[in-house]
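Analysis of the macromolecular model
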Amino acid sequence: MPTIAAIRFQRVGKQYHFDASAFPNLRVADFVIVDTTRGKQMGQVVAFVEPEADGNGQPRQYKPIERIATPRDLLLRQIWEAKEVEMMILCREKAAELHLPIKVVRAEYSFDGSALTLFYSADDQVDTKGLKRELSQLIPNTNIELRQIGPRDVAKILGGLGACGIERCCSRFLTEFSPISIKMAKEQGISLNPTEITGMCGRLRCCLIYEYEQYVQARKLLPKKGKRVRTPQGEGKVVDVNPLKETVYVLIGEAQVEVHRSAIEPLDELEALEKKAQSGCDRHEGGGCTCGAKRTTDNR
């Protein structure tokens, strides 16, 4: 079986799998050189994983690791990283001269300086061919790529603190962005005030999905608001629910009590069952019973 290494190219980024069979002494945290769609890149081994199968059940083919990074490679990487801020400022200046409505948020060199990727955000699609042409003249012998990214990716790159006072999740540990909907906030009883559910990126907060499944499962076991229930304290109406505690708040008279789901009987459902059973017995007496109970005529 081949040895498959999970490699990450950024501190908090997606993991890509490569065949490390040619390097039996490779260890986690080692830096390696691999061939990607963006050319040769330096990545860090973060784990070793089991090889996967393709759609036909055959072992999947992985690109091989070309070599382990040398001290010279690591030094080159530091040199080119030191120039990234300068390139980002240069790109911003040229974009302003060309009156392009874009915001350049990051410049990223390959480990050997042969490629430069500039990440920018914009409200709409922008023609950046003129900007690329200008930059190519100022930075010769370098493959320049301009890549548009979304607001969540911008927030991930810029970093900073979230509304909770902790470093943003996207900058700290999130490697992929999951779809978030307003339904998740409603399910958890969170205020729909935009300032409370919107992140620094202007989109719904990623943390809305963290406990969503637990709330959905818990609510299935609890009566909804407005339902009539019987509790040890008496009969009343559900005015609120606490899914994580598996309790409901019941209004009994003028008092509101918190009751665990194990001590609740749903009155609406019970009355419906009683009516169904009673109507079945009435039909039974009239000869049209469909409740399943049959009179016996053999016992005299």
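Cut-offs and rules
Residues numbered from 1 in each chain as written. Predicted model: local features only at pLDDT ≥ 70, side-chain atom pairs only at ≥ 80, totals over all residues. Heavy atoms only, no water. Phe/Tyr/Trp six-rings, centres within 6.5 Å; stacked < 30°, edge-to-face > 60°. Helix = DSSP H or I, 4+ residues; strand = E, 2+ residues; numbered from the N terminus. Buried < 20%, exposed > 50% of the residue type's maximum accessible area, 1.4 Å probe, protein only. Lys NZ or Arg CZ within 6 Å of the ring centre and 35° of its normal. Pairing = 2+ DSSP bridges. Axes fitted to C-alpha atoms, helices over the stretch in contact; angles between N-to-C directions. Contact = heavy atoms within 4.5 Å. Polar contact = N/O pair within 3.5 Å; in protein donor to acceptor, adjacent residues only side chain to side chain. pLDDT = per-residue confidence, 0-100. Right-handed = clockwise from strand over helix to strand, strands pointing away. 1 Å grid on protein atoms, 1.4 Å probe; cavity = no way out; pocket = protein on both sides within 12 Å on 5 of 7 lines; lining within 4 Å. Points joined across faces, edges and corners; volume = space filled by probe spheres on them. Nonpolar A, V, L, I, M, F, W, Y, C, P; charged D, E, K, R; others polar.

With the rule as written, the count across this model stands at three aromatic pairs. When the centroid spacing of 5.7 Å and the interplanar angle of 50° are considered together, the rings of Phe9 and Tyr16 count as tilted. Ring centres of Phe173 and Tyr210 lie 6.5 Å apart, and the angle between their planes is 40°; on these two criteria the pair is classed as tilted. Taken together, the positions of Phe173 in the loop between helix 5 (169-172) and helix 6 (182-187) and Tyr210 in the loop between helix 7 (194-197) and helix 8 (212-220) put the pair 37 residues apart, joining distant regions of the chain. Tyr210 gets classed as partly exposed once you look at its relative accessible area, which sits at 37%. Geometry around Trp80 places Lys83 over its ring, the cationic atom sitting 4.6 Å from the centre.

The next thing to look at is the sheet that holds strand 8 (residues 143-148). Across the sheet, which stays open at both edges, the three strands sit in the order 6-7-8 with mixed pairing between neighbours. Each edge of the sheet is formed by a strand with only one pairing partner; in this case those strands are strand 6 (103-109) and strand 8. The mean angle between the axes of side-by-side strands here comes to 20°, regardless of whether they run parallel or antiparallel. Where helix 4 (residues 151-158) meets the sheet, it contacts strand 6 and strand 7 (115-121), and its direction lies at approximately 60° from that of strand 6.

With respect to the helices and strands, Glu108 occurs in strand 6. Engagement of the side chain of Glu108 in a polar contact is seen with the side chain of Gln10, the distance being 3.4 Å. If near-sequence neighbours (up to four positions away) are discounted, Glu108 is found in contact with Gln10, Arg38, Glu84, Ala115, Leu116, Thr117 and Phe119.

This part covers the confidence of the model for the protein. Segments scoring low in pLDDT should not have their predicted coordinates read at a detailed level. Overall, the prediction assigns the protein a mean pLDDT of 86, with 93% of residues at 70 or greater. In the predicted structure, residues 292-300 sits below a pLDDT of 50 and forms three contacts with residues beyond four places in sequence or in another chain.

Two strands pair when backbone bridges link them, and strand 7 and strand 8 are joined in this way by six bridges, in the parallel orientation. Its bridge partner being in strand 8, Thr117 is matched across the sheet by Glu145. Regarding topology, helix 3 (residues 129-138) serves as the crossover connection from strand 7 to the parallel strand 8, and that connection is right-handed.

Here the largest pocket is characterised by a volume of approximately 1300 Å³. If you trace the largest pocket, you find 41 residues lining it, with Phe9, Gln10, Gly13, Arg38 and Glu108 closest to the centre. Of the residues forming the lining of the largest pocket, the biggest block, four residues, is contributed by strand 2 (residues 15-19). By residue class, the composition of the lining of the largest pocket is 13 nonpolar, 12 polar and 16 charged. Considered as a void within the structure, the second largest pocket measures approximately 360 Å³ in volume. Around the second largest pocket sit 20 residues that line it, and Gly162, Arg168, Cys169, Gly199 and Arg205 are the ones nearest its centre. Of all elements in the fold, only helix 4 and helix 5 reach the threshold of two or more residues within the lining of the second largest pocket. It is helix 5 that provides the largest number of residues to the lining of the second largest pocket, a total of three residues.

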